[in-house]
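This is what each chain is made of:
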Amino acid sequence: MGYKMSCIEETDELQLDFKKIASMSGQEVIPVAIQNVDTGEVILVAYTNEQAMLESIRLRRLVLWSTSRNELWHKGKTSGNEFELVDIFVNCEQNSLVYKVRPMNGNICHTSYKGVANNCFYRRLDMDSMKLVNLNVERESCAETAGNNKRE
């Protein structure tokens, strides 16, 4: 059975979780941006701790720390959609990381649009309306407009 997206993943309403960090009290983690080494696309932002970082380095696979489950999160281990860890960058204050990864196969995120996998950043914020715009729908609309213009 496939993953069923929740309301927060489908809505165009902005519902940011500004309490996320506060809810992680006692967890020794730092944020890590996960970037596709081939496309430059940001795949997701997650958290790592020392154990997860060392496991990632040892395996050369993406291993994160699940702040909700309080355990190692071997990204893609269950689904088979793993990521090769290519490089790690450390920021100037040594309190956040960028992992450059290569998707090994399949989905990048658990969400999809018309059966095609998204990356986790598939919506942008329209700063005038404060609504979320699904980039898939926007691209589809642009493609249809371009196709109609060619026929004229």
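This text goes with the structure placed above it.
What counts and what doesn't
Residues numbered from 1 in each chain as written. Predicted model: local features only at pLDDT ≥ 70, side-chain atom pairs only at ≥ 80, totals over all residues. Heavy atoms only, no water. Helix = DSSP H or I, 4+ residues; strand = E, 2+ residues; numbered from the N terminus. Buried < 20%, exposed > 50% of the residue type's maximum accessible area, 1.4 Å probe, protein only. Contact = heavy atoms within 4.5 Å. Core = buried A, V, L, I, M, F, W, Y, C linked by side-chain atoms within 4.5 Å. Salt bridge = Lys/Arg side-chain N within 4 Å of Asp/Glu carboxyl O. Pairing = 2+ DSSP bridges.

A few words on the environment of Met-104. Within the fold, Met-104 resides in the loop between strand E6 (97-103) and strand E7 (112-113). A relative accessible area of 40% means that Met-104 is categorised as partly exposed. Separated by 21 residues in sequence, Met-104 and Phe-83 place their C-alpha atoms 5.3 Å apart. Here Met-104 is in contact with Arg-61, Glu-82, Phe-83 and Glu-84, once residues within four sequence places are set aside.

Of all hydrophobic cores here, the largest spans 13 residues; its most connected members are Val-32, Ile-34, Ile-43, Leu-62, Leu-64, Tyr-99 and Val-101. Within the residue set of this core, elements represented by two or more residues are strand E1 (30-36), strand E2 (42-48), strand E5 (83-90) and E6. Residues Met-24, Val-29, Tyr-47 and Trp-65 belong to the second largest nonpolar core, which totals six residues.

This brings us to the pattern of salt bridges. Under the counting rule described, the total for this entry stands at five salt bridges. Across the pair Arg-102 and Glu-84 runs a salt bridge whose closest N-O atoms are separated by 3.4 Å. Of this pair, Arg-102 sits in strand E6 while Glu-84 sits in strand E5, and the two are 18 residues apart along the sequence. Overall, the relative accessible area of 30% leaves Arg-102 in the partly exposed class. Note on Glu-84: relative accessible area 30%, which makes it partly exposed. One network of salt bridges, with partners in common, ties together Asp-38, Glu-84 and Arg-102.

Two strands pair when backbone bridges link them, and E1 and E2 are joined in this way by six bridges, in the antiparallel orientation. Its bridge partner being in E2, Pro-31 is matched across the sheet by Tyr-47. Adjacent in sequence and paired antiparallel, E1 and E2 are bridged by five residues, among which Gly-40 carries a positive phi angle near 80 degrees. Bridging between E1 and E6 involves five bridges; their strand directions are parallel. The residue bridging Gln-35 from the neighbouring strand is Lys-100, located in E6.

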